[in-house]
Amino acid sequence: MASASKKITTSGSSRTIAARGRVALIVILVFMLLLCVRFAYLMLADPADYRTAALDQYTSSVTIPAKRGSILANDGTTELAVSATVYNCFISPADIKSVAEESQNEEDITREELLNNIADGLARILTVEKSEIIEKGNRTASKYQIIKKFLTETEEAAVRAFISENDYETIIHLEETTKRYYRYGSFASHLLGFTGSDNQGLSGLELTYNEYLAGVDGRSIKAADAYGNELDSGVGSSYIPATNGLNVVTTVDWTIQNTVEKYIEQAYIEHMPKGRVECIVMDVTNGELLASAIYPSYDLNNYNTLSPYYQGLYDSYIGTVDERSKERTRLLYEMWNNTIATQTYEPGSTFKIITSAIALEEGKISYENSSFSCVGATIVAGTKIRCHKTSGHGTQTFSEAIVNSCNPAFIQIGGAIGNSIFKKYFDEFGYTQTSGSDIAGEVSSIYYATENTQFETLELAVYSFGQTFKVTPLQHLRAVSTVANGGYLVVPHAVKALVDDNGNVVKTFEYETDRQVISTETCDKIITALTNSTKNAAVSGYNVVSKTGTSEKRDTKPENDYISSCVTFAPAEDPKIAILVLVDDPQGGQHFGSAVAAPIVSNILTEVLPHLGIAPNHSADTETTVSGYVGQSVANAKTLIENAGLKCIVRGEGETVIEQLPAEGTVISTNGVVILYTEGAEISANVKVPDVRNMSPTAAIKAIINSNLNVSVKGIFNGDYTNCKVVSQSVLAGEYVLPGTVIELEFLYDEAIE
């Protein structure tokens with residue numbers, strides 16, 4: 001019985017095992033079937049996506065940054081903004097971990113110790129906080145953590161040495177990129193604008209033309225194993241080269257821009273305005289902006305750093321930490337703001353050019369026969385409006401009225417025009433829309449329609465002399481320049497072409513120049529009336545057309561704050577350029593445009609007109625150019641000097657001239673002095689410069705000449721020495737100089753014209 005029982009138990013166990021085996025076999029078969037179905041699905045249903053996913057696991061992609069195009073001056077060669085090759089430094093936390101794990105048996109260094117060594121070195125070289133490097137190094141899943149962008153050459157060399165000395169080739173990396181550099185720092189800063197850390201334009205021309213300048217980044221894709229080693233198969237490897245950006249050729253003339261910036265800074269220092277000094281120089285024939293400048297400016301290479309002026313405002317600001325942070329941001333935006341296009345102002349009496357053009361064009365007044373009376377004030381719709389000359393101008397012709405800048409006369413002219421005609425031309429001259437320029441952020445004007453206000457008799461009266469409406473400097477220069485070019489409304493712009501790296505023109509920009517607003521005859525009459533009308537804007541040897549303005553700022557809290565301005569066309573015979581200067585709220589007692597803005601125009605045009613190849617149409621008969629006398633006999637040289645109307649002084653007992661002062665080619669006044677030196681004579685700076693400030697021209701020149709010095713006169717118009725005085729001298733009083741040194745005297749006429 002026992003044997004039988006055992007047999008039955010064994011047989012039952014065998015059946016159980018067999019059953020389990022069949023179940024296992026079935027499970028395996030089902031599993032294999034499911035795998036086959038899955039493989040079939042992957043291969044047949046959506047192979048592309050899964051192949052891509054697989055490639056992503058063993059391929060790495062590197063962006064190849066495009067080189068941003070350069071910004072060039074109007075000569076096509078002078079670089080204003082360029083992109084240079086620099087390097088970013090990054091670390092691979094994943095590789096730091098791998099290297100530490102692999103070195104456990106050799107150097108017994110932990111990941112933390114390795115990271116600490118790396119952080120020590122990079123913090124020292126790159127002046128980056130060590131804690132920041134460690135924090136990034138702890139992101140062990142990452143192979144790319146930027147430590148610092150845009151390394152200097154010194155930093156790059158030091159990092160390379162650090163990598164080499166410590167065998168950190170797989171841990172610390174340098175990647176090539178580009179950084180924007182501005183060759184001349186603050187030069188044309190508000191016009192050019194700047195780029196961010198990603199090399200994308202953020203303001204100015206950098207922003208307007210970003211799509212052309214930026215280029216297109218390339219990519220390098222390579223197959224690599226889990227350790228980053230390149231695979232030999234080449235599967236998935238490709239290279240797409242970067243397309244560099246195009247170069248922008250601006251309309252900016254380097255010399256003119258530099259001249260403008262020099263003199264507006266000088267004016268800022270002299271008048272210390274509460275606002276800015278601004279200047280635009282435009283080619284009236286096509287709207288090209290030859291210069292556009294604002295002072296205070298800022299350094300484009302350090303655009304996030306407040307310039308000294310704005311830093312001073314920030315330092316004086318009192319507030320909490322959060323408030324000071326917000327104030328700093330506000331000041332940065334204010335510093336960057338190109339108010340030539342983004343801020344409006346009341347143009348004041350410079351708008352009388354437009355009122356005159358409308359009246360003459362429509363035949364509402366006669367250039368030859370109309371007359372206008374002024375008793376010092378006039379009443380319009382119950383409101384008394386005063387003239388800047390409280391005693392009045394009496395009866396005036398049109399040309400006298402515009403030169404006198406008489407408000408009552410222009411109220412009469414505005415009344416003759418009438419509301420509907422005035423509104424029509426206000427639009428025709430471009431005041432009801434932006435100028436269409438390529439200047440980023442340009443705003444439109446503020447006038448009766450935008451303010452939903454009436455435009456009746458009183459409004460017409462004050463509009464006629466440029467008050468109670470606001471325009472941008474860019475709009476206004478565009479409008480008044482129609483008088484300079486024969487009546488055509490041009491579009492101001494700062495870029496004329498795009499070129500590739502070989503200098504080939506890829507694209508040009510065309511702007512409308514054939515829209516005539518007024519006739520050439522009307523333009524000629526206004527030019528005739530205003531030629532050399534502002535003595536302080538006069539330029540020796542040239543005839544220029546000028547109109548000054550002194551507009552009250554009506555929307556600000558302080559009273560008696562003004563914008564002093566001057567607009568000028570030159571040369572009067574055939575205007576090529578127009579220039580507008582604004583000084584926002586000058587201090588120091590002077591606020592009339594004729595006294596503040598006009599001299600800036602004169603200084604700028606004195607250098608700009610010869611630079612443009614515009615020859616003077618007459619020479620100043622009060623100046624002469626010194627000839628060369630070295631090597632000649634003293635007797636002969638003395639005769640020649642005296643025949644030229646100059647005083648001659650001989651130093652030494654020799655018979656031959658071995659040196660002279662001033663040097664050959666120096667321009668001096670016709671009654672100046674030339675000192676001849678012979679053998680044995682000592683040349684020393686032994687002449688004390690007198691103080692001639694506030695003197696009349698006659699007294700000042702006499703004092704300089706009597707000191708055996710020479711004079712160069714600036715600001716005197718056509719030899720008119722009346723009603724003007726010296727406002728500055730090129731060498732400070734009390735300094736000792738060589739005999740014959742030329743002292744430049746700048747004169748200012750007392751012209752209280754609005």
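In case you missed it, the structure is sitting above this.
Remember, it's a predicted structure, so these values are computed and weren't measured experimentally.

Asks: What should I look at first to understand the side chain of Ser602 in this one?
Replies: Looking at where Ser602 falls in the secondary structure, it is placed in helix H23 (residues 598-611). Setting aside anything within four residues of it in sequence, one finds Ser602 in contact with Asn536, Ala537, Ala538 and Val539.

Asks: Help me understand the pattern of salt bridges, please; the structure alone is not making it clear to me.
Replies: Note that side chains of opposite charge can pair when their charged atoms are close. According to the stated counting rule, one finds 18 salt bridges in the structure shown. Close ionic contact of Arg160 with Glu156 constitutes a salt bridge, the shortest N to O distance being 3.0 Å. Residue Arg160 and its partner Glu156 are located together in helix H6 (residues 153-166), separated by 4 residues, close to a single helical turn. On the basis of relative accessibility, which here comes to 39%, the residue Arg160 falls in the partly exposed class. In this structure, Glu607 and Lys262 form a salt bridge, with 2.9 Å as the shortest nitrogen-oxygen distance. Taken together, the residues Glu607 in helix H23 and Lys262 in helix H10 (residues 254-271) connect sequence positions 345 residues apart. A network of salt bridges, in which partner residues are shared, links Arg68, Arg180 and Glu206.

Asks: Looking at this structure, I do not really get the sheet that holds strand S19 (residues 545-552). What am I missing?
Replies: In a beta sheet, neighbouring strands are held together by backbone hydrogen bonds and run either parallel or antiparallel to one another. With respect to topology, 5 strands assemble into an open sheet ordered S10-S9-S21-S20-S19, the strand pairing being antiparallel. Across the chains shown, the open sheet's two edge strands, defined by having one partner strand only, are strand S10 (289-295) and S19. With strand direction ignored, the average angle separating the axes of adjacent strands in the sheet is 10 degrees. Direction of pairing for strand S9 (residues 277-283) relative to strand S21 (residues 577-584): antiparallel, over a ladder of 7 bridges. Bridge assignment links Met282 to a residue of S21, and that residue is Ala578.

Asks: How should I be thinking about helix H24 (residues 634-643) in this particular structure?
Replies: All buried positions along H24 are accounted for by Val634, Ala637 and Ile641. Down the axis of H24, the buried side of the element spans an arc of 65 degrees, and every buried residue falls inside it. In H24, the exposed residues that point more than 90 degrees away from the buried face are Ala635 and Asn643. As for H24, its buried residues are in contact with strand S23 (647-651) and strand S26 (673-677). Trailing H24 by a residue or two, Gly645 shows a phi angle of about 85 degrees, which is positive.

Asks: How should I be thinking about the packing of aromatic side chains in this particular structure?
Replies: Both the distance between ring centres and the angle between the ring planes are used here to describe each pair of aromatic rings. Counted according to the given criterion, the structure contains 35 aromatic pairs. A ring pair is formed by Phe426 and Tyr447, whose centres lie 5.4 Å apart and whose planes are at 50 degrees; its orientation type is tilted. On the criterion of sequence distance, the pair formed by Phe426 in helix H17 (residues 419-428) and Tyr447 in the loop between H17 and helix H18 (448-451) is long-range, its members being 21 residues apart. Summarising the burial analysis for this pair, Phe426 and Tyr447 share the class buried.

Criteria and thresholds
The numbering scheme is per chain: residues are counted from 1 as the chain's sequence reads. Two thresholds apply to this predicted model, a pLDDT of at least 70 for residue-level local features and 80 or more for giving and counting side-chain atom pairs, whereas whole-chain, interface and lining totals are computed over all residues. Each side-chain value is derived from all of the structure's non-hydrogen atoms; neither hydrogens nor water enter the calculation. Each helix is a run of DSSP H or I of at least 4 residues and each strand a run of E of at least 2, with the numbering of both proceeding from the N terminus. Between two residues, a contact is recorded if the distance between any of their heavy atoms is within 4.5 Å. Here, a salt bridge means any side-chain nitrogen of Lys or Arg that lies within 4 Å of a carboxyl oxygen of Asp or Glu. To sort residues, take the accessible area from a 1.4 Å probe on protein chains only and compare it with the maximum for the residue type: under 20% means buried, over 50% means exposed, and anything in between is partly exposed. We treat two strands as partners when DSSP finds at least two bridges between them. All axes here are fitted lines through C-alpha atoms, helices being fitted over the stretch that makes contact, and every angle between N-to-C directions spans 0 to 180 degrees. By construction, the arc corresponds to the directions joining the helix axis to the C-beta atoms. Here a Phe, Tyr or Trp ring, Trp counted by its six-membered ring, pairs with any other such ring whose centre lies within 6.5 Å, and the pair is stacked when the planes are under 30 degrees apart, edge-to-face when over 60, and tilted otherwise.

By themselves, these figures tell us nothing about what the structure is for.
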